[in-house]
Amino acid sequence: MRLYIIILLLSIYESNVISSPLQPYTNYSYSTELQSNVADLWWTINEDEQEITFELHIKTTGWVALGISPAGGMNGADIGLGWVDQQGQVHFQDRYAMGTWQPIIDNTTTDWFALRGREENGWTAIQFKRSLDTCDEMDVAIKSGTNNLIFAYGLVDPDMSQSGGLIYYHENRRGSRIIPLRSYSNPPPDSKFSHLDYVEFKLSDQIVPALESSYHCKIFKVPTDLLQRRHAIAHRTIIEPNNRDLVHHFGLLECDPTAVFDDNNLPNGICDDIIQSIFPCFTNVASIWAVGGDEMMEYPEIGGYPIGGDFEIKYYMLQMHYDNPKLTPNRRDSSGVRFYLGNELRQHELSYLSIGAEVSYSAIAIPPGIDRFLLDCYCSSEATQGDELATRCVYSTTDKSIITLGGERTKDEMCLHYFLYYPRMKTFPSCLSSNSPEAWTKIMNISKSTFDNEKLGIWLKELKWTPELLVQWQKFFNEASRTIEAGYLQM
């Protein structure tokens, strides 16, 4: 059987709905809403001149900023920051973030250039440009493939009585997106599907724990009015606007067809507290979203996601990961996902395939203080019945002094890639790899009979990192024998 893979990963590009009441200065090739009713971005690539022109609109009369980040955070980000003063004069600065504090003025070369700007109706609009690759060590090249964008804004202009201008802290007025700037595809707006039936799987005014990191799980039964099998042709991630700082990622997972629940008392709570009752639901993915991902996805015309009727999946689990570093109490959330249902069945049925590393110490152990650490994951032809698949995650830990391990907390790391494919296979939701116990016992210089994950974790955390060990560590990960688990998904 031939397998068709639609490469979407976690970046499935958001609707081109625009919030700004201001008209852009010109026509652009691409546009996207960075944050509903807050921030919009337009851009055009000039491949001949090897430059990109942006127009950023943000609902503020203070400073606005857009950055290209090497890894999705502030550290190492190349940032253009601008504002319009009370006289209508546009100011723009080329800045560089050395950490999570105020970005410094780029003292090498100036590579962000303002073209024009204005303040109107409480919004700031600035048009600016830069080269795709400036060859500046304090800049980040805009390459083919996905680009990590960050944005932020302040309520007032910088204080220019200070050298370079004092930027007052943006607090939670910030965001990030993963966008292929050079190959973006403008998706349709929500209005294209407004006439269709839909099904939602959402939390309902759920209290978010005052914990740095927490997972909430809720089981849903397929609505009883879906008497016939339907094909979803699109889905939309629904993140409450006030909770974008809380929702780190979520997955809607299919429960095993044999799972039995009390429909009058479906499991709903902290995942670890109800793990026994929800264990049959850690199988295949029906929908997935993470910070920086996009929120609107239309499936290809050849396929649809099956739901209802005689489709064997009768229950779904929404697993929501909250990131609450300030330990704020009594916040509530109703985020989730909506599936738009087509009026006819399509030729093929779609499913997700997860490829990457197990979420464990044995699969992910990233040394500190390294600019580029490679983690390659494999899925052999034996697992796929013919195809060999490989993925790569690239990490930078120059701002870290301790090892980063595989885990579910926000401060931990994962390496998971999600592919949408057709035709759907019932028994192949994931293919995850890790370094084998034999590889670990050899480098730890212990016998296999004494090896376990707890000892591995202690050993990893006690390592003393030297330049020589950093080189050895990458070599170890490149050459270590692997174990492959082609079965139930780990999130």
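All figures in this text were calculated on a predicted structure; none of them were measured in a lab.

Trainee: I'd like a description of empty space enclosed by the protein, backed by residues and values.
Mentor: Evaluated as defined, the whole model comprises one cavity of 30 Å³ or more. As a volume, the largest cavity reaches approximately 30 Å³. The set of elements that each furnish at least two residues to the lining of the largest cavity consists of strand S28 (373–379) and strand S32 (430–435). Per-class residue counts for the lining of the largest cavity are four nonpolar, three polar and two charged.

Trainee: Break down the sheet that holds strand S18 (residues 268–270) for me, with residues and values.
Mentor: Pairing is antiparallel in the open sheet, where five strands are placed in the order S18-S15-S22-S17-S19. The open sheet terminates on both sides in strands that have one partner only, identified here as S18 and strand S19 (285–290). Each neighbouring strand pair of the sheet contributes to a mean axis angle of 15°, computed without reference to strand direction. As judged from the three bridges shared by strand S15 (residues 213–221) and S18, these two strands associate in the antiparallel manner. Looking across to S18, one finds that His216 is bridged to Ile270.

Trainee: Explain the sheet that holds strand S6 (residues 78–84) to me, using residue names and the numbers behind them.
Mentor: As a general point, the strands of a sheet are linked pairwise by backbone hydrogen bonds and lie either parallel or antiparallel. Pairing is antiparallel in the open sheet, where six strands are placed in the order S8-S7-S6-S5-S11-S12. Across the chains shown, the open sheet's two edge strands, defined by having one partner strand only, are strand S8 (104–105) and strand S12 (174–179). Summarising the sheet, strand S7 (residues 90–96) and S8 pair through two bridges and their orientation is antiparallel. For Tyr96, the partnering residue across the bridge sits in S8 and is Ile104.

Trainee: Help me get a handle on the pairing of strand S29 (residues 389–395), residues and values and all.
Mentor: Only one face of S29 is buried: it carries Leu389, Thr391, Cys393 and Tyr395, and the other face, with Ala390, Arg392 and Val394, is open. With seven bridges connecting them, S28 and S29 associate as antiparallel partners. By the bridge assignment, Leu374 is partnered in S29 with Val394.

Trainee: Pulling in residues and values, what's your account of the UniProt feature "domain: DOMON" (unreviewed entry) in the chain?
Mentor: UniProt records the feature "domain: DOMON" (unreviewed entry) for residues 37–154 in the present numbering. Spanning residues 37–154, this segment combines 0% helix with 53% strand, and its end C-alpha atoms are found 16 Å apart.

Trainee: Help me get a handle on the packing of aromatic side chains, residues and values and all.
Mentor: Throughout the structure, instances matching the rule amount to 23 aromatic pairs. Ring centres 5.0 Å apart and planes at 65° place the aromatic pair Phe261 and Tyr315 in the edge-to-face group. Pair noted here: Phe261 is in the loop between strand S17 (247–254) and S18 and Tyr315 is in strand S22 (residues 315–323), with a separation of 54 residues, a long-range link. Summarising the aromatic geometry, the rings of Trp473 and Phe476 are spaced 5.6 Å apart at their centres and angled 45° between planes, so their arrangement reads as tilted. You can see Trp473 and its partner Phe476 sitting in helix H5 (residues 467–479), three residues apart, about one turn around the helix. The pair Trp473 / Phe476 is uniform in exposure class, with both members buried. Ring pairing ties together the aromatic residues Phe373, Trp440, Trp459, Trp465, Trp473, Phe476 and Phe477, which thus form one cluster. The aromatic ring of Tyr25 is capped on one face by Arg118, whose charged end is 4.8 Å from the ring centroid. Directly above the aromatic system of Tyr198 lies the positively charged group of Arg338, at a separation of 4.3 Å from the ring centroid.

Trainee: So what's going on with a nonpolar patch on the surface? Residues and values would help.
Mentor: Taken together, the side chains of Leu155, Val156, Leu166 and Tyr168 present a nonpolar region at the surface, about 350 Å² in accessible area. Tracing the backbone shows Tyr168 in the loop between strand S11 (147–153) and S12. We classify Tyr168 as partly exposed; its relative accessible area is 41%.

Trainee: So what about H5? Which residues, and what values?
Mentor: If you check H5, its first and last C-alpha atoms are 19 Å apart, about what 13 residues at 1.5 Å a residue would give, namely 18 Å. Restricting attention to buried positions, one finds in H5 the residues Leu469, Leu470, Trp473, Gln474, Phe476 and Phe477. In an axial view of H5, the angular spread of the buried residues amounts to 155°, which keeps them on one side of the axis. Residues of H5 that are exposed and angled more than 90 degrees away from the buried face: Pro467, Glu468, Val471 and Glu479. If you follow the buried residues of H5, they end up packed against strand S27 (365–366), S28, S32, helix H3 (437–444), helix H4 (453–461) and strand S33 (482–485).

Trainee: Account for the domain arrangement of the chain, naming residues and giving values.
Mentor: Segmentation of the chain into domains returns domain 1 (30–179), domain 2 (190–349) and domain 3 (354–486). When each unit is reduced to the centre of its C-alpha atoms, the spacing between domain 2 and domain 3 is 28 Å. Counting residues at the interface gives 23 residues for domain 2 and 13 residues for domain 3. Counting each side, the surface lost to burial between domain 2 and domain 3 is near 1,300 Å², with a carbon and sulfur contribution of 60%. When residues of domain 2 are sorted by the area they lose upon contact with domain 3, Tyr215, Asn284 and Glu349 head the list and together hold 28% of the total. Viewed at the interface, domain 3 and domain 2 are joined by two salt bridges. The partner of Glu212 in a salt bridge is Lys411, and the shortest N-O contact between them spans 3.8 Å.

Trainee: Tell me about the pattern of salt bridges, residues and numbers included.
Mentor: Counting across every chain of the model gives 20 salt bridges. Measuring nitrogen to oxygen at the nearest pair gives 2.6 Å for the salt bridge that ties Asp263 to Lys221. Residue Asp263 is found in the loop between S17 and S18, and its partner Lys221 is found in strand S15; the two are separated by 42 residues along the sequence. Residue Lys221 is classed as partly exposed on the basis of its relative accessible area of 36%. Note that Glu438 and Lys448 form a salt bridge whose closest N and O atoms lie 2.6 Å from each other. With Glu438 in helix H3 and Lys448 in the loop between H3 and H4, this residue pair connects regions lying 10 residues apart in the sequence.

What counts, and where the lines are drawn
Residues numbered from 1 in each chain as written. Predicted model: local features only at pLDDT ≥ 70, side-chain atom pairs only at ≥ 80, totals over all residues. Heavy atoms only, no water. 1 Å grid on protein atoms, 1.4 Å probe; cavity = no way out; pocket = protein on both sides within 12 Å on 5 of 7 lines; lining within 4 Å. Points joined across faces, edges and corners; volume = space filled by probe spheres on them. Helix = DSSP H or I, 4+ residues; strand = E, 2+ residues; numbered from the N terminus. Nonpolar A, V, L, I, M, F, W, Y, C, P; charged D, E, K, R; others polar. Pairing = 2+ DSSP bridges. Axes fitted to C-alpha atoms, helices over the stretch in contact; angles between N-to-C directions. Buried < 20%, exposed > 50% of the residue type's maximum accessible area, 1.4 Å probe, protein only. UniProt positions renumbered as here; feature names shortened; annotations may be inferred. Phe/Tyr/Trp six-rings, centres within 6.5 Å; stacked < 30°, edge-to-face > 60°. Lys NZ or Arg CZ within 6 Å of the ring centre and 35° of its normal. Patch = residues over 30% accessible without salt bridge, like charges linked within 9 Å, V, L, I, M, F, W, Y side chains within 5 Å. Areas by Shrake-Rupley, 256 points an atom, 1.4 Å probe, with all protein chains shown as cover. Salt bridge = Lys/Arg side-chain N within 4 Å of Asp/Glu carboxyl O. Expected span 1.5 Å × (residues − 1). Arc of directions from axis to C-beta. Contact = heavy atoms within 4.5 Å. Domains from an automatic or database assignment. Buried area = accessible area lost by both parts, 1.4 Å probe.

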